[in-house]
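Listed below, chain by chain, are the residues.
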Amino acid sequence: LAANVRQVNTVGSTGSLLEAEIGPGSVLAGKRVSETAWPRDSVLVSVMRGEKVIVPRGNVVLEAGDRLTVFTAPTAREALQTLLASRIATGAEAS
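An account of the accompanying structure is given in this report. Computed from a predicted model, the values in this text were never measured in an experiment. (Residues numbered from 1 in each chain as written. Predicted model: local features only at pLDDT ≥ 70, side-chain atom pairs only at ≥ 80, totals over all residues. Heavy atoms only, no water.)

Moving on, we get to the pattern of salt bridges. As enumerated under the stated definition, the model contains two salt bridges in all. Glu-63 is the salt-bridge partner of Arg-49, the closest N and O atoms lying 3.5 Å from each other. Of this pair, Arg-49 sits in strand S3 (residues 42-49) while Glu-63 sits in the loop between strand S4 (52-54) and strand S5 (67-72), and the two are 14 residues apart along the sequence. The class of Arg-49 is partly exposed, set by a relative accessible area of 25%. The class for Glu-63 is partly exposed, based on a relative accessible area of 38%. Asp-66 is the salt-bridge partner of Arg-49, the closest N and O atoms lying 2.8 Å from each other. A residue pair is termed long-range when its members are at least 10 positions apart, and Arg-49 in strand S3 and Asp-66 in the loop between S4 and S5 qualify at 17 residues. With relative accessibility at 1%, the residue Asp-66 sits in the buried group. (Salt bridge = Lys/Arg side-chain N within 4 Å of Asp/Glu carboxyl O. Helix = DSSP H or I, 4+ residues; strand = E, 2+ residues; numbered from the N terminus. Buried < 20%, exposed > 50% of the residue type's maximum accessible area, 1.4 Å probe, protein only.)

Next up, the structure:
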């Protein structure tokens, strides 16, 4: 599991609910839910910001520290974990 994925629960015989935190430098931080390239066969279920649960509509801007709950089918799990672990490349990393 990616370092930021905290928990995985099975749903039915094949689905999974992943809980992950958006870390500093994540490609997700500062992006609207609708601008994010969520893998096919995955759905963002909720965003927890502090003690507040946010329904993840398209206009919600994700922030570092947000805890996401995402449903995923087995076909999307690897791509979802890659997305959740992706970081913004800095100048030193890009060269």
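Still to come is the rest of the account.
All right, on to the pairing of S3 then. The side chains of a regular strand alternate between the sheet's two faces. In this structure, S3 lies alongside S5, joined through six bridges in antiparallel fashion. When the sheet's bridge partners are listed, Met-48 is paired in S5 with Arg-67. Hairpin geometry of S3 and S4 is characterised by an intervening segment of two residues between the two adjacent antiparallel strands and by a positive phi of about 65° at Gly-50. (Pairing = 2+ DSSP bridges.)

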